[in-house]
Amino acid sequence: MVNNYYVIDAHCHIYPDKIAERAVAGTSNFYNQPFAAKGTVADLMEVGGAAGIDKFIVQSVATTPHQVMSINNFIAESVKASGGKFIGLGTLHPDTADLSGDIEHLKELGLKGVKLHPDIQAFKIDDYRCLKIYEQCEKENLPVLMHTGDNRYDYSNPNRLLPVLKIYTGLTVIGAHFGGWSIWDEAAEKLAGIQNFYVDCSSSMPYISSDKTCEIIARYGADRVLFGTDYPMWDPKSEIESLFKLNLTDEDYQKIFSLNAKKLFNIGD
């Protein structure tokens, strides 16, 4: 716990030890941002534990269809070995040959939702290839944590996300990075108030002011914001300290640090 708050980090990437260094370097190059941590299970446990985080929602992303099953197996194995510290999200890919089979497999593994990264996986959110993903996740009540926003590309910006949210109204989507990395104002203006849409605060506070962060949280509402660090990109302790600088209400901190994630992913203490 941190200052008597139960804390769930809703956005953590982990990799097998043998590929972690390469995977972290690749994403670091993609964002031109040095990473703060190693990306391994042991390192997340160490640095996250030192920061006082109680549980971690862990995930990884398949850049090709054949990676889906092995990544989901790794996430599930990591959850099982975590002693209750990890909650796992599965990965999917729009070009998979057996989407129904992949979804059934991740459910059998006990994974609680799906992580998609349109920019790294190189598909547009509203691409016709993805519609079956949304349809089946909606049917199976699987929340989708999705990377959103990038001023360099047009894969995951609000214009791509809005049609999906309006069509699949029973699908819960969590837009990472306040709904639009690097385009925070545009995202909040266009996406706030949509009933099936939530956001996390990951990879945002290092780039925007405390006043702007407070403004964005107010626009979405604290009951729609999840705490996330985007580990290993940022140091968890520093991310927690940045959130406390906002001087939110006690009720808001409780929602953001854990209550919203517990609700969306059906997480017990």
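Chemist: So what's going on with the environment of A51? Which residues, and what values?
Modeler: On the secondary structure map, A51 appears in helix α2 (residues 41-51). Accessibility expressed as a relative area gives 12% for A51, which makes it buried. Apart from residues lying up to four places away in sequence, A51 is in contact with V2, P236, K237 and I240.

Chemist: Help me get a handle on the sheet that holds strand β6 (residues 144-146), residues and values and all.
Modeler: One open sheet accounts for six strands, arranged β4-β5-β6-β7-β8-β9; its pairing is parallel. Since the sheet does not close on itself, it has two edges, and those belong to β4 (90-91) and β9 (225-226), each with one partner. By the bridge criterion, two bridges tie β4 to strand β5 (residues 114-116) in an arrangement that is parallel. Within the sheet, the bridge partner assigned to T91 lies in β5 and is K115.

Chemist: So what's going on with the environment of L259? Residues and values would help.
Modeler: Turning to its location among the elements, L259 is positioned in helix α11 (residues 250-265). Placed 72 residues apart in sequence, L259 and A187 show a C-alpha to C-alpha distance of 23 Å.

Chemist: An account of the pattern of salt bridges is needed here, citing residue identities and associated values.
Modeler: It is possible for side chains of opposite charge to pair when their charged atoms get near one another. This structure, assessed with the given rule, holds 12 salt bridges. Between E186 and K190 there is a salt bridge; the shortest N-O distance is 3.2 Å. In this pair, E186 and K190 both sit in helix α8 (residues 184-191), four residues apart, roughly one turn of the helix. Residue E215 is joined to K212 by a salt bridge in which the shortest nitrogen-to-oxygen separation is 3.4 Å. Residue E215 and its partner K212 are located together in helix α9 (residues 210-220), separated by three residues, close to a single helical turn. Exposure remark for E215: the relative accessible area of 35% places this residue in the partly exposed category. Among the ionic contacts, a cluster of salt bridges with common partners joins D185, K212, E215 and R219.

Chemist: With reference to specific residues and values, describe the state of the cysteines.
Modeler: For the structure on display, the rule yields zero disulfides. Cysteine C12 is unpaired, with the sulfur of C201 as its nearest cysteine sulfur at 11 Å.

Chemist: How would you explain the sheet that holds strand β1 (residues 8-13) if you had to name every residue and give the values?
Modeler: Sheet architecture is open: three strands sit in the order β1-β2-β3, paired in parallel fashion. Single-partner strands in this sheet number two, and they are β1 and β3 (86-88). Ignoring strand direction, the axes of neighbouring strands in this sheet form an average angle of 30 degrees. Sheet topology note: the strand β2 (residues 55-59)/β3 ladder contains three bridges and is parallel. Paired with V58 across the bridge in β3 is G88. In the packing of α2 onto the sheet, the strands contacted are β1, β2 and β3, and the crossing angle to β2 comes to about 150 degrees. Across the sheet, helix α3 (residues 68-80) lies against β2 and β3, angled at about 155 degrees from β3, the strand it touches most.

Chemist: Describe the pairing of β2, with residues and values.
Modeler: On a regular strand, each side chain points to the face opposite its neighbour's, so the side chains alternate between the two faces of the sheet. Within β2, five of the five residues are buried, which leaves it mostly tucked inside the rest of the structure. The two faces of β2 match: K55, I57 and Q59 on one face and F56 and V58 on the other face are all buried. You can see the chain leave β2, run along α3 and come back into β3, and the turn it takes is right-handed.

Reading guide: rules and limits
- Residues numbered from 1 in each chain as written.
- Predicted model: local features only at pLDDT ≥ 70, side-chain atom pairs only at ≥ 80, totals over all residues.
- Heavy atoms only, no water.
- Helix = DSSP H or I, 4+ residues; strand = E, 2+ residues; numbered from the N terminus.
- Buried < 20%, exposed > 50% of the residue type's maximum accessible area, 1.4 Å probe, protein only.
- Contact = heavy atoms within 4.5 Å.
- Pairing = 2+ DSSP bridges.
- Salt bridge = Lys/Arg side-chain N within 4 Å of Asp/Glu carboxyl O.
- Disulfide = S-S within 2.5 Å.
- Axes fitted to C-alpha atoms, helices over the stretch in contact; angles between N-to-C directions.
- Right-handed = clockwise from strand over helix to strand, strands pointing away.

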